[in-house]
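Structural description and commentary
Letter by letter, the chains look like this.
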Amino acid sequence: MCGIVGYIGSNNIKDVLIEGLQELEYRGYDSAGIAVLQNTDFAVYKAVGKLENLRNKAASFAPEGFGIGIGHTRWATHGKPTELNAHPHLGQSSYVVHNGIIENYQELKNELVAQGVSFLSQTDTEVIVHLFEAYLKTAGSPFEAFKQMRARLEGAYAILLVTTSEPETIYFAKHGSPMIVGRNRGGEKFFASSDSPLIGLAQEVVYLKDGDFGYVTPAAITLYDGSGNPAAPLFSTLPESKLSAQKEGFRFFMEKEIYEQGEVLADTMLGRLKEQEVYFEELDPQLFAGVNEIKLCACGTSYHAALASSYLFERHARIRTSVEIASELRYKEPLLSPDTLFVVISQSGETADTLETLKMAKAAEMKTLVICNVDNSSMVRLADASILTRAGIEKGVASTKAFATQMAVLWMLSLAFAKARGTMETGAIAEQIRHLRELPACVRVDDALHERIKRLSKRYLHGHGFFFIGRDVFYPLALEGALKLKEISYLHAEGYPSGEMKHGPIALADPELFTIALMPKNMLYDKTKSNVEELSARDSTICAISDKPFEKADDFIPIHDREHYMLEFFEMMVVLQLLSMEVAVRLGNDVDMPRNLAKSVTVE
Ligand code: AGP
């Protein structure tokens, strides 16, 4: 989730831009840059790593008087975190910053290269400025060129563009990534990806809608809607506190990250779903060659994603798949063979146990793949190949959107493997791609549902324990639901295969034993139902989550009637995340920073 700022005015433009980026640090980044235009002179500074590095690079830059400027913090999606890939990106006489993913960038880049344009970076963003300048040669005005450029873009973007052709104007366009425009009584104009950089600077802001575009000068904000019609800017007031702004009005980062799962899943899939196949541009097809087995390895929530995906790899790609807990694999003297693809899953890319198993795999000359949320992390740098989940920074220690994006990547990867191995018909793959495209809508939090979960959470604040139960991929989801509850409510919970309850745990059944039963209609419903009835008959308190009514439940949380079990998986995932959060809230716990936990466990 990159961060964007923009400024038009005369009050120390460099500090306004860099301090604005500082307020966006919570969005996560691995490089940053600013471009300032005064008259027709550009000053540009970029740095890899933390903003301090950018400050140091621009230390001698002390602009005075009027100017316009744009700034950016980059979370790498296309191309490594390097200075060359850092924004702003330069054409001949223009700079651009961009948040999002241009899905058709390769096609546009090929077109521009054929016209003789040379590219400096590996990013999708750079096509924007070159395309603008290509149109500038024939368009009647920079804004006309900007409009023509914008019309060619597919994907998600929040763009700011400045050009020496109009040195007092910032051009903007928004689609799928957030952007706001602000103004104050002093006539200064501001842009930012979210509220917090503008608190204390702007008095009024416009929350741009998808499709909005236009330009801002010292005199005015000129706005057009998605149909290209002039639109009157709708001004709002800003929230009071910066921290609440960073949480974008949510109570916790965890809550914000649950609510933004739809948005980040759309990013995760951007450019990777074709009509009838899944395409990872970062994967060399040779990665699949000669692979007869997959071994997945991770810790914690990432282990649950690994376990759930093992069902998908075997079902779709008909390839033997094993799953390991990293801290166990390290010391069990495992049999690691070169024809096995070793896949590590890690949000941080720094978890010590997982990193060590990756080193073991490399030593055993296995092909290695990491599925990670942080580019340039230790695991990304070490593995033969990597797939970024594009979840953006996850600040809640209890992982939510990182898990969701891991699952989406693994589901897609199982289909890519199936295609490579010829184990699924094209039509069957296309149908699953259709379901994948439903994910953003599937995980959107329904206010009524959240309210219902808030209310029923009061019944689950005590008892002698929780069993989360499920079958097939819903067993790893049950493990994940139990972990979520444990780590933020500190109540004891365990995930269990539904079919295993009768082999001992059912001895615990009584009214004080809470069973959270995952009952998808599209996966072994009747089998699960009979397991739950065994518990209900022994008076265990049952909370059933299902798209089918179940009259023997003490509590029932309905999900939508879904066509595919993986859509039921994702919707139940959201229910479990909300349930654990609301129980923790009632217990007065620190939802974002639970006791004893760290966001990244970099020690054994
Ligand atoms: C998840 O809610 C936990 N915070 C924890 O289990 C985490 O998933 C685990 O430590 C692995 O972290 P990683 O994904 O960064 O490797």
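Before reading further, recall that the structure is shown in the block above.
Residues numbered from 1 in each chain as written. Predicted model: local features only at pLDDT ≥ 70, side-chain atom pairs only at ≥ 80, totals over all residues. Heavy atoms only, no water.

As for the overall build of the protein chain
To be explicit about the condition: Only DSSP runs of H or I with at least four residues qualify as helices, and only runs of E with at least two residues qualify as strands; both kinds are numbered from the N terminus onward. Two things to know: the radius of gyration comes from C-alpha atoms, and the globule rule equals 2.2 Å times the number of residues to the power 0.38. Pairs of residues are marked as contacts when any of their non-hydrogen atoms sit within 4.5 Å. Using a 1.4 Å probe, accessible areas were evaluated by the Shrake-Rupley method; residue-level cover was limited to the displayed protein chains. Neither His nor the chain ends is counted toward charge; the positive residues are Lys and Arg and the negative residues Asp and Glu. To locate a charge, take atom NZ for lysine, CZ for arginine, CG for aspartate or CD for glutamate.
A count of helical and extended segments in the protein chain gives 19 helices and 25 strands. At 25 Å, the protein chain has a C-alpha radius of gyration in line with the 25 Å of a compact globule built from 604 residues. Taken along its principal axes, the extent of the C-alpha atoms in the protein chain is 80 × 55 × 45 Å. Here the analysis covers contacts within the protein chain between residues at least 6 apart in sequence; of these, 72% occur between residues at least 24 apart. Total accessible area on the protein chain stands at roughly 22,500 Å², and carbon and sulfur atoms take up 49% of it. For the protein chain, the distance from the average position of its 61 positive side-chain charges to the average position of its 79 negative side-chain charges is 1 Å.

Details of the packing of helix H9 (residues 300–317) against helix H17 (residues 474–489)
Going by this rule: Here an angle of 0 to 180 degrees is reported between the N-to-C directions of two axes, which are lines fitted to C-alpha atoms, with helices fitted over the stretch in contact. Each angle gets one of four labels, with under 35 degrees taken as roughly parallel, over 145 as roughly antiparallel, 65 to 115 as roughly perpendicular, and the rest as oblique. In this scheme the crossing of two helices becomes right-handed for a clockwise turn of the near helix relative to the far one and left-handed for an anticlockwise turn of less than a right angle. When residues are sorted by character, Ala, Val, Leu, Ile, Met, Phe, Trp, Tyr, Cys and Pro go into the nonpolar class, Asp, Glu, Lys and Arg into the charged class, and all the rest, Gly among them, into the polar class.
Running from amino to carboxyl end, H9 crosses H17 at an angle of 170°, the nearest separation of the two axes being 8 Å. In terms of orientation, H9 and H17 fall into the roughly antiparallel class. For the pair H9 and H17, the crossing hand works out as left-handed. On H17, the residues that touch Gly300, Thr301, His304, Leu307, Ala308 and Tyr311 of H9 are Tyr475, Pro476, Leu479, Glu480, Leu483, Lys484 and Glu487. When its residues are assigned to classes, the contact of H9 with H17 shows seven nonpolar, three polar and three charged.

Some details on the side chain of His87
Quick note on the threshold: For every residue, the accessible area obtained with a 1.4 Å probe (protein chains only) is divided by the maximum for its type, and the residue is called buried under 20%, exposed over 50%, and partly exposed between those limits. Whenever a nitrogen or oxygen atom comes within 3.5 Å of another N or O atom, the pair is scored as a polar contact, on the condition that within protein one atom can donate a hydrogen and the other can accept it, and that pairs from neighbouring residues in sequence are kept only if both atoms are in side chains.
Relative to the elements of secondary structure, His87 occurs in the loop between strand E4 (67–74) and strand E5 (89–90). Overall, His87 belongs to the buried group, its relative accessible area being 3%. Within the structure, the side chain of His87 is placed 3.4 Å from the side chain of Thr125, a separation counted as a polar contact. Once residues lying within four places of it in the same chain are set aside, the contact partners of His87 are Ala32, Gly33, Lys46, His72, Arg74, Val96, Val97, His98 and Thr125.

Brief notes about a positive patch on the surface
The following threshold applies: Exposure above 30% relative accessible area and the lack of any salt bridge qualify a residue for a patch; like charges then connect within 9 Å, and the nonpolar side chains Val, Leu, Ile, Met, Phe, Trp and Tyr within 5 Å. By convention in these notes, a salt bridge is any Lys or Arg side-chain nitrogen within 4 Å of a carboxyl oxygen on Asp or Glu.
The grouping of Arg452, Arg455, Lys458 and Arg586 at the surface amounts to a positive patch. Along the chain, Arg452 turns up in helix H16 (residues 447–456).

Section: the sheet that holds strand E10 (residues 189–192)
Put simply, the rule is: Strand pairing requires that DSSP identify at least two bridges connecting the strands.
Across the sheet, which stays open at both edges, the eight strands sit in the order E3-E2-E4-E1-E10-E9-E11-E15 with antiparallel pairing between neighbours. In the strand order of this sheet, the two ends are held by strand E3 (41–48) and strand E15 (235–236), each with one partner. Of the pairings in the sheet, the one linking strand E1 (residues 3–9) to E10 comprises four bridges and is antiparallel in character. In the sheet register, Gly6 faces E10, and the bridge partner there is Phe191. Here helix H1 (residues 13–23) sits on the sheet in contact with E1, strand E2 (31–38), E4 and E10, set at roughly 25° to E4.

Re the side chain of Ser414
By the element assignment, Ser414 lies in helix H13 (residues 401–421). Within the structure, Ser414 has its side chain in polar contact with the side chain of His316 (distance 2.9 Å). Engagement of the side chain of Ser414 in a polar contact is seen with the backbone oxygen of Trp411, the distance being 2.6 Å. When neighbours within four sequence positions are excluded, Ser414 is seen to be in contact with Leu312, Phe313, His316 and Ala317.

Structural notes on the layout of surface pockets
Rules: Here a cavity is any set of points on a 1 Å grid over the protein atoms alone where a 1.4 Å probe fits but cannot get out, and a pocket is any open set with protein on both sides within 12 Å along at least 5 of 7 lines; a residue lines the site when it has an atom within 4 Å of a point. Grid points are joined across faces, edges and corners, and a volume is the space filled by probe spheres set on the points.
Looking at the largest pocket, its volume works out to about 530 Å³. Lining the largest pocket are 27 residues, with Gly300, Thr301, Ala598, Lys599 and Val601 sitting closest to its centre. Elements supplying a minimum of two residues to the lining of the largest pocket: H9, strand E18 (340–346), helix H11 (352–363) and H17. Residue composition of the lining of the largest pocket, by class: nine nonpolar, twelve polar and six charged.

So, the packing of aromatic side chains
Stated formally: Aromatic rings from Phe, Tyr and Trp, with only the six-membered ring used for Trp, were paired whenever their centres fell within 6.5 Å, and each pair was classed as stacked if the ring planes differed by under 30 degrees, edge-to-face if by over 60, and tilted otherwise.
The full count for this structure, using the stated rule, is 24 aromatic pairs. For the pair Tyr7 and Phe190, a centre-to-centre distance of 5.5 Å together with 50° between the ring planes defines the contact as tilted. Of this pair, Tyr7 sits in strand E1 while Phe190 sits in strand E10, and the two are 183 residues apart along the sequence. Neither residue differs from the other here; Tyr7 and Phe190 are each classed as buried. Taken together, the aromatic side chains of Phe132, Phe143, Phe146, Tyr171, Phe213, Tyr215 and Tyr224 make up a single cluster linked through ring pairs.

A closer look at the packing of H9 against helix H19 (residues 565–586)
Contact geometry of H9 with H19 gives a least axis separation of 13 Å together with a crossing angle of 170°. On the basis of the axis angle, H9 is roughly antiparallel to H19. From H9, Ala308, Leu312, Arg315 and His316 reach across to H19, where they touch Tyr565, Met566 and Phe569. Grouping the constituent residues of the contact of H9 with H19 by class yields five nonpolar, one polar and one charged.

Focus on the sheet that holds E5
Within the open sheet, the seven strands sit side by side as E5-E6-E7-E8-E12-E13-E14. Their pairing is antiparallel. Both edges of this open sheet fall to E5 and strand E14 (230–231), since each of them pairs with a single strand only. Inspection of the sheet shows strand E7 (residues 155–163) paired to strand E8 (residues 170–175) by four bridges, in the antiparallel sense. Bridging from a neighbouring strand, Leu161 pairs with Tyr171 of E8. Here helix H4 (residues 126–136) sits on the sheet and contacts E5, strand E6 (94–102) and E7; the angle it forms with E6, its principal contact strand, is near 130°.

Side note on the nonpolar core
Basically, it comes down to this: Among buried residues, those of type Ala, Val, Leu, Ile, Met, Phe, Trp, Tyr and Cys that are joined through side-chain atoms within 4.5 Å constitute a nonpolar core.
Residues Leu413, Phe417, Phe569 and Phe570 are the most contacted members of the largest nonpolar core, which totals 93 residues. At 15 residues, H19 tops the list of elements feeding residues into this core. The residues touching Phe569, leaving out its near neighbours within four places in the chain, are Ala308, Phe403, Met407, Val473, Phe474 and Leu477. The next biggest cluster of nonpolar side chains, apart from the first, holds 30 residues, and it includes Val36, Ala47, Leu51 and Ile180.

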